[in-house]
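In case you want the letters, here they are:
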Amino acid sequence: MGSMTTEAEPHQIRSLSVLPAQREDVELHTADGLTLVGELALPEAGAPAASLLTFHPLPTHGGFMDSHVYRKAAWRLPALADLAVLRFNTRGTSSPRGTSEGTFDGGDAERYDVAAAIELAEFRGLPRPWLVGWSFGTELVLKHGADPSIEGAILLSPPLHRATDEDLDRWAAFAKPLVVLVPELDDYLRPDEARRRFARVPQAEVIGVDGAKHLWVGEPAVARVLNEIVGHVLPDHPLPLPTHWDGPLGAS
């Protein structure tokens, strides 16, 4: 009697799962003469449906291009949603990828880093770019990201420490989508206060996330962020994103 073969069970997508993608080390060049290091992750086959340009948390407190939400976005979203994901270290920031030139400037000279990311997207022909900022990265988006070439922006845990009402008014006049994910238990800005502060941006959508904290630790928090990102960038994409993958896994 012949042996019976069965199809392998799909892999559950866990914290360290790396799904297939084209991954390329890239350099970003700023108008003030610095070279920043990063990575561009693209769908394994075919053109991306849209693009995410990510800006990491505060580098003086451990933020860098490998901060876990962005690492998982780059590991998963090219395969699960056909998204391109650009991650990079802002000036003076180090990661296993390397160290970007320059020194941390509290969000001021980082204006050139934001512009360099947008210029790289334009040079590479990345379609429908959205800016995604997390914590300090939200300050960079609000202060320097209102560029005509982008589709909109998504903010994760905005502290609104450096970004002012003037920056919010600029986004109001910019009129492009602004999606704001605010953890219920955030250390700096919680949903009710965020709704009050962002009320001056008519197009801002403030989403309070029950049980979440500033750093979005844990798989449920990460999954919520990735689903919200895909749902706003690609409104017609099926959600929730798959939690299992039946193809080969990639390498980090």
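Structure: see above.
Being a predicted model, the structure only gives us computed values, none of them experimental.

(A) Local environment of the layout of surface pockets. The computed volume of the largest pocket comes to approximately 390 Å³. In terms of lining, the largest pocket is formed by 18 residues, of which the most central are Pro57, Leu58, His61, Ser135 and His214. Classifying every residue of the lining of the largest pocket by side-chain character gives eight nonpolar, eight polar and two charged.

(B) Structural detail: the packing of helix α1 (residues 68-81) against helix α6 (residues 219-233). One way to put it is that α1 packs onto α6 with a least axis distance of 10 Å and a crossing angle of 55°. Relative to α6, α1 is oriented oblique. Taken as a pair, α1 and α6 cross one another with a handedness that is right-handed. Of the residues in α6, those touching α1 at His68, Val69, Lys72, Ala73, Arg76, Leu77 and Ala81 are Glu219, Val222, Val225, Leu226 and Val230. Here the residues of the contact of α1 with α6 are counted per class, giving eight nonpolar, one polar and three charged.

(C) View of the packing of aromatic side chains. Scanning all chains against the criterion turns up four aromatic pairs. On the numbers, 5.6 Å between centres and 85° between planes, the contact of Phe55 with Phe88 is edge-to-face. Here the residue Phe55 occupies a position in strand β4 (residues 50-55), and Phe88 occupies one in strand β5 (residues 83-88), the gap between them amounting to 33 residues. The two residues Phe55 and Phe88 agree in class, both being buried. A centroid spacing of 5.7 Å and a plane angle of 85° characterise the contact between Tyr70 and Trp134, whose relative ring orientation is edge-to-face.

(D) Molecular detail of the sheet that holds strand β8 (residues 129-134). Spatial strand order, β2-β3-β5-β4-β8-β9-β10-β11: eight strands in an open sheet with mixed pairing. The open sheet terminates on both sides in strands that have one partner only, identified here as β2 (22-29) and β11 (204-209). Neighbour-to-neighbour, the strand axes of the sheet open up by a mean angle of 20°, direction not taken into account. Direction of pairing for β8 relative to strand β9 (residues 152-156): parallel, over a ladder of five bridges. The partner of Leu131 across the bridge, within β9, is Ala153. Sheet strands touched by helix α5 (residues 191-198): β9, β10 (178-183) and β11. Its angle to β11, the strand with the most contacts, is close to 175°.

(E) Highlighting the environment of Ala21. Looking at where Ala21 falls in the secondary structure, it is placed in the loop between β1 (11-12) and β2. Here the alpha-carbon distance between Ala21 and Asp82, two residues 61 residues apart in the chain, equals 9.5 Å. Setting aside chain neighbours within four positions, we find Ala21 in contact with Leu42, Glu44 and Pro78.

(F) A look at the environment of Gly46. Within the secondary structure, Gly46 is located in the loop between β3 (35-42) and β4. The class of Gly46 is exposed, set by a relative accessible area of 56%. Gly46 sits 36 residues away from Asp82 along the chain, and the two C-alpha atoms are 8.3 Å apart.

(G) Fine view of helix α4 (residues 165-174). Every buried residue belonging to α4 is among Asp167, Leu168, Trp171 and Phe174, and all of these are buried. What you see down the axis of α4 is that its buried residues fit within an arc of 110°, all on one side. α4 presents Glu166 and Ala173 as exposed residues on the side facing more than 90 degrees away from its buried surface. As for α4, its buried residues are in contact with α3 (136-144), β9, β10 and α5. Once α4 ends, the next one or two residues include Ala175, with phi positive near 75°.

What counts and what doesn't
Residues numbered from 1 in each chain as written. Predicted model: local features only at pLDDT ≥ 70, side-chain atom pairs only at ≥ 80, totals over all residues. Heavy atoms only, no water. 1 Å grid on protein atoms, 1.4 Å probe; cavity = no way out; pocket = protein on both sides within 12 Å on 5 of 7 lines; lining within 4 Å. Points joined across faces, edges and corners; volume = space filled by probe spheres on them. Nonpolar A, V, L, I, M, F, W, Y, C, P; charged D, E, K, R; others polar. Axes fitted to C-alpha atoms, helices over the stretch in contact; angles between N-to-C directions. Helix = DSSP H or I, 4+ residues; strand = E, 2+ residues; numbered from the N terminus. Parallel < 35°, antiparallel > 145°, perpendicular 65-115°, else oblique. Left-handed = near helix turned anticlockwise from the far one by under 90°. Contact = heavy atoms within 4.5 Å. Phe/Tyr/Trp six-rings, centres within 6.5 Å; stacked < 30°, edge-to-face > 60°. Buried < 20%, exposed > 50% of the residue type's maximum accessible area, 1.4 Å probe, protein only. Pairing = 2+ DSSP bridges. Arc of directions from axis to C-beta.

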